[in-house]
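Residue-level structure breakdown
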Amino acid sequence: MADHEDLAGTRRRWCHQAPFRHVRWCSVHGFPHGAWRASGTPRHVCAPRRPLSAKNLGGAGIDSGGPVPSPRAARGCRGRASRHACTRGRWVSEETSGSGPGGPTVCPIDGGPGTRGLTSRPGGGRIVLVVSLPHGGALVDLRVEDGRAAELAEAARRLPVWELSRRQRCDLELLATGGFSPLRTFLDQADYESACAAMRLSTGELWPVPVTLDLPEQVVAAASAAGGVLLRARGVDVAVLWLEAAWRPDRRAEAAAVLGTTDTAHPGVQDLLHESHPWYVSGPLEVLRLPPHHGFRTVRHTPGELRSLMAGHGWDRVVAFQTRNPMHRAHQELTVRAARDLDANLLLHPVVGVTKPGDVDPHIRVRCYRALLPTYPPGRVLLSLLPLAMRMAGPREALWHAIVRKNHGATHFIVGRDHAGPGEDSAGRPFYEPYAAQALVGMHARELGIGVVPFRQMVYVEELQGYVPEDDVQPGQHCLRISGTEQRRRLAHGEELPAWFTPPEVAAELRRAFPPRSERGVCVLLPDALPDPRRDQAAAVIAARLREAGRTVTLLSRSLLAEGEAPSHLVVHLIGEVMRNGGAVVCPGGVVHGLAHAAERLAERGLVVDVGIAGEEPRLTDAPSATESSCTRLLVPVGAAPELVGDVVVDHVRTSAYLEPAVPAALRAIRDGEPGAPRDDG
């Protein structure tokens, strides 16, 4: 990259690439390419020899299927028949008439912050900047052509198979589509160590968060013998990694360097130290297809598709907003202010991959985002889902997010308070300073070539009936706040969020997703220590009492499960689906206890009541850390009658608000119109 002075004296950046096809005429200065002027005008870059297309240019192609340029772009070459394409952040004009011999030309324009969309040239015509250059200068695409895919499929038959984890699926997808440009595979040891120590690849490019593929030792041994490993995502063959390097990293040192802590209260540390495999591997990566997604497909875009879409709209300034939460009024106000102040279009780019444990389900969040779109000015906002696996790495992750958004075509990026922070450590202190992320991204913004939009925390001022940055609050004004903990508590209990905090469109979606407890799932696990007749009788009593209270109940007896010989994990999955839809299930506890953490996973769907016999050994559900107190243990005497067990269980379900309040007998008689009930004839 070299800086030069153009004829207007404006400093611009020019990217020299090879191989180039010779073109005869410069569409900016009106003289042949390769010529130098005494004024210091740069030598120009010509189009690559290969055909222009959306795939090899990282944007809209001039081949069939490319988007139609906006009227603003179409005005770029006055009096000439021309077609335009966005090639790595620059407009290509294939001119078919004019004073000089025709031919396609590529004229780079600075993709950094502050660059406007239209630039005049002496002979008339303009070049339209749509999006910024990808990190490293070129958008990576690792997907193979159909012919190579058939060869790979045949070669993969002799390779060991690895089913990717959720984090690994996210990483593979962004590697494949260029979201992680300039990476072309998972980091090798040199790049990994450099990224950990210096936030750069071994070649010098900024890269603050390692992207690695961790495998168990037996898979690494098999891949070493075979020369590679076939990667699968949800049972679908998606890629082949040809093994060139394998090493055992110091994951504790990685946590200290990248996350700044080894405290397992940090979800990234917990994943690194206790849920990752001991070997990292690298080598050439060939992608057969992207990991499958079956939901919200119309708002999922690869970086190339997103760049093409923005080019088609003629957007020359795009400010991206990162979020992993439902958007409330503070987020809405922040994004509106950012877009207005920059005179930019807004890219809502929420993460729908791996986020912090306990975050709102991505499907719920996406419905909230979609509901909010009509509240923005028409034609100024675009929603696109990002399949990123967050590491919750605070300042380093904020810089990583900026790189990823630059690769997706954003020219500016909003960095808020405690960006990508996981909250508090084991001692109750924040893992990161609230504005450390803004400082780090701002420090590297010029090198990265993306505008940083720092925002202070937005607070609601009662006297103003609106949101302002916290620094703008005047003495004597009263601020209203709802913490993340209080928000989660209200959602868990089905309580309303105030109108000043949540737009009505978002509140409606959250009400659908978080109904009152009386409409959520319930699972009652009966003790295996009870003899069969008494256990079945207790199950029948509990089911009858729950139905009487208005619940829909599914009763699974041990004999039924034994006859069907259904695997425990399948039974637990079915129980979870019934609970997800607000139903109640009564079943033997052994089905759930045999699977690690099954009770906790079911507790995410509603209330789990684990009935035990007094004197039994404590189980995991006895621990006070059970999820939101929705997984509780009830102890009954050894010889308890089935009716007593039923009363104890149903009383607990009602006390926990998972049943409608009991109606007094007199009122129930009036409601049901029973004979002899008191009446009001007035």
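Fair warning: this is a prediction, and the values are worked out from it, not measured in the lab. (Residues numbered from 1 in each chain as written. Predicted model: local features only at pLDDT ≥ 70, side-chain atom pairs only at ≥ 80, totals over all residues. Heavy atoms only, no water.)

1. Section: the overall build of the protein chain
Spelled out, the test is: The numbering of helices and of strands both runs from the N terminus, where a helix is a DSSP run of H or I of at least 4 residues and a strand a run of E of at least 2. A simple rule labels every residue: compare its accessible area, found with a 1.4 Å probe on the protein chains alone, to the largest value its type can have, and call it buried under 20%, exposed over 50%, or partly exposed in between. Residue exposure ignores everything except the shown protein chains as possible cover, and the areas themselves are Shrake-Rupley values with a 1.4 Å probe.
Broken down by element type, the protein chain carries 22 helices and 27 strands. The proportion of buried residues among the 682 residues of the protein chain is 53%. Just so you have it, the protein chain exposes about 30,500 Å², and 52% of that area is on carbon and sulfur atoms.

2. Some points on the side chain of Arg391
We apply this condition: Polar contacts, as counted here, are pairs of nitrogen or oxygen atoms within 3.5 Å of one another; within protein the pair requires one atom able to donate a hydrogen and one able to accept it, and residues that are adjacent in sequence qualify only if both atoms are side-chain atoms. Note on contacts: a residue pair is in contact if any heavy atoms of the two residues lie within 4.5 Å.
Summarising the element assignment, Arg391 is placed in the loop between strand 17 (381–383) and helix 12 (395–407). A residue is classified by how much of its surface remains accessible, and Arg391, at 12% relative accessible area, is buried. Side chain to side chain, Arg391 and Asp171 meet in a polar contact 2.8 Å long. Engagement of the side chain of Arg391 in a polar contact is seen with the backbone oxygen of Ala389, the distance being 2.7 Å. Leaving out residues up to four positions away in the same chain, Arg391 has contacts with Arg167, Asp171, Val209, Pro210, Val211, Leu259, His266, Gly268, Glu397 and Trp400.

3. Here we look at helix 5 (residues 189–198)
Within helix 5 the residues assigned to the buried category are Asp191, Tyr192, Ser194, Ala195 and Cys196. Those residues of helix 5 that are buried lie in contact with strand 12 (245–247), helix 7 (251–259), strand 13 (279–282) and helix 12. The opening residue of helix 5 is Asp188, an N-cap whose side-chain oxygen sits 3.3 Å from the backbone nitrogen of Ala190. Of the residues one or two after helix 5, Met199 is the one with positive phi, at around 60 degrees.

4. Notes on the nonpolar core
Cut-off, in case you're wondering: Residues enter a nonpolar core if they are buried and are Ala, Val, Leu, Ile, Met, Phe, Trp, Tyr or Cys, with the set joined through side-chain atoms within 4.5 Å.
Membership of the largest hydrophobic core comes to 75 residues, with the highest contact counts inside it found for Phe180, Trp207, Leu231 and Leu285. If you look at the next biggest cluster of nonpolar residues, it comprises 37 residues, including Ala344, Cys368, Tyr376 and Leu497.

5. What about the pattern of salt bridges?
Formally: For salt bridges, the criterion is a side-chain nitrogen of Lys or Arg within 4 Å of an Asp or Glu carboxyl oxygen.
Following the criterion strictly, the structure yields 25 salt bridges and no others. Between Arg200 and Glu447 there is a salt bridge, with its nearest N and O atoms 2.7 Å apart. Linking Arg200 in the loop between helix 5 and strand 9 (213–215) with Glu447 in helix 13 (residues 436–448), this pair joins segments that are 247 residues apart in sequence. Owing to a relative accessible area of 43%, Glu447 belongs among the partly exposed residues under this scheme. For Arg545, the salt bridge is made with Asp647, and the minimal N-O distance between the two is 2.1 Å. Highlighted residues: Arg545 in helix 16 (residues 532–548) and Asp647 in helix 21 (residues 642–655), separated in sequence by 102 residues. Here the salt bridges share partners, and the residues they tie into one network are Arg167, Asp171, Asp214, Asp271 and Arg391.

6. Description of the sheet that holds strand 23 (residues 521–526)
Stated formally: Pairing between two strands is assigned when DSSP locates at least 2 bridges connecting them. Axes here refer to lines fitted to C-alpha atoms; in helices the fit is confined to the stretch in contact. Angles between the N-to-C directions go from 0 to 180 degrees.
Strand order in this open sheet of five strands is 24-25-23-26-27, and the pairing throughout is parallel. In this open sheet, the two edge strands, each paired with only one partner strand, are strand 24 (553–555) and strand 27 (631–636). Here the strands of the sheet are splayed against their neighbours by 20 degrees on average, with no regard to which way each runs. Where strand 23 and strand 25 (residues 584–588) come together, five bridges link them in parallel fashion. Bridging across to strand 25, Cys523 finds its partner in Val585.

7. Focus on the packing of aromatic side chains
The condition that has to hold: Between the rings of Phe, Tyr and Trp (Trp by its six-membered ring), a pair exists once the centres lie within 6.5 Å; its type follows the angle of the planes, with under 30 degrees stacked, over 60 edge-to-face, and the other angles tilted.
In this structure the tally under the stated criterion is nine aromatic pairs. Here Tyr192 and Tyr280 contribute two aromatic rings whose centre-to-centre distance is 5.4 Å and whose plane-to-plane angle is 85 degrees, an arrangement assigned as edge-to-face. Note that Tyr192 is positioned in helix 5 and Tyr280 in strand 13, a separation of 88 residues in sequence. For Tyr280, a relative accessible area of 2% corresponds to the buried category. Taking the centre distance of 5.3 Å and the plane angle of 65 degrees together, the rings of Tyr460 and Tyr467 count as edge-to-face.

8. Regarding the sheet that holds strand 13
Read from one edge of the open sheet, three strands run 9-13-12, paired in antiparallel fashion. Strand pairing shows two members of the sheet lacking a second neighbour, strand 9 and strand 12, which therefore form its edges. When strand polarity is set aside, the average angle formed by the axes of neighbouring strands in this sheet is 35 degrees. For strand 12 and strand 13, the ladder comprises three bridges, and the chain directions are antiparallel. Paired with Ala246 across the two strands is Val281, which belongs to strand 13.

9. What to know about the confidence of the model for the protein chain
In low-pLDDT segments, the atomic positions of the prediction should not be examined closely. Where we set the bar: As a per-residue measure, pLDDT tells how confident the predictor is, with possible values from 0 to 100.
Confidence in the prediction of the protein chain, expressed as mean pLDDT, is 78, and 74% of residues score 70 or more. Contacts of residues 1–130 to residues separated by more than four positions or lying in other chains number 271 contacts, the stretch itself having pLDDT below 50. Across residues 676–682 the pLDDT falls below 50, and counting only partners more than four positions away or on other chains, this stretch makes three contacts in the model.

10. Some words on the side chain of Gln168
Relative to the helices and strands, Gln168 resides in helix 4 (residues 166–177). Here Gln168 falls in the buried class, since its relative accessible area comes to 1%. In this structure the side chain of Gln168 is engaged in a polar contact, spanning 2.9 Å, whose partner is the backbone nitrogen of Ser165. Excluding residues that lie within four positions of it along the chain, Gln168 makes contacts with Trp162, Glu163, Leu213 and Asp214.

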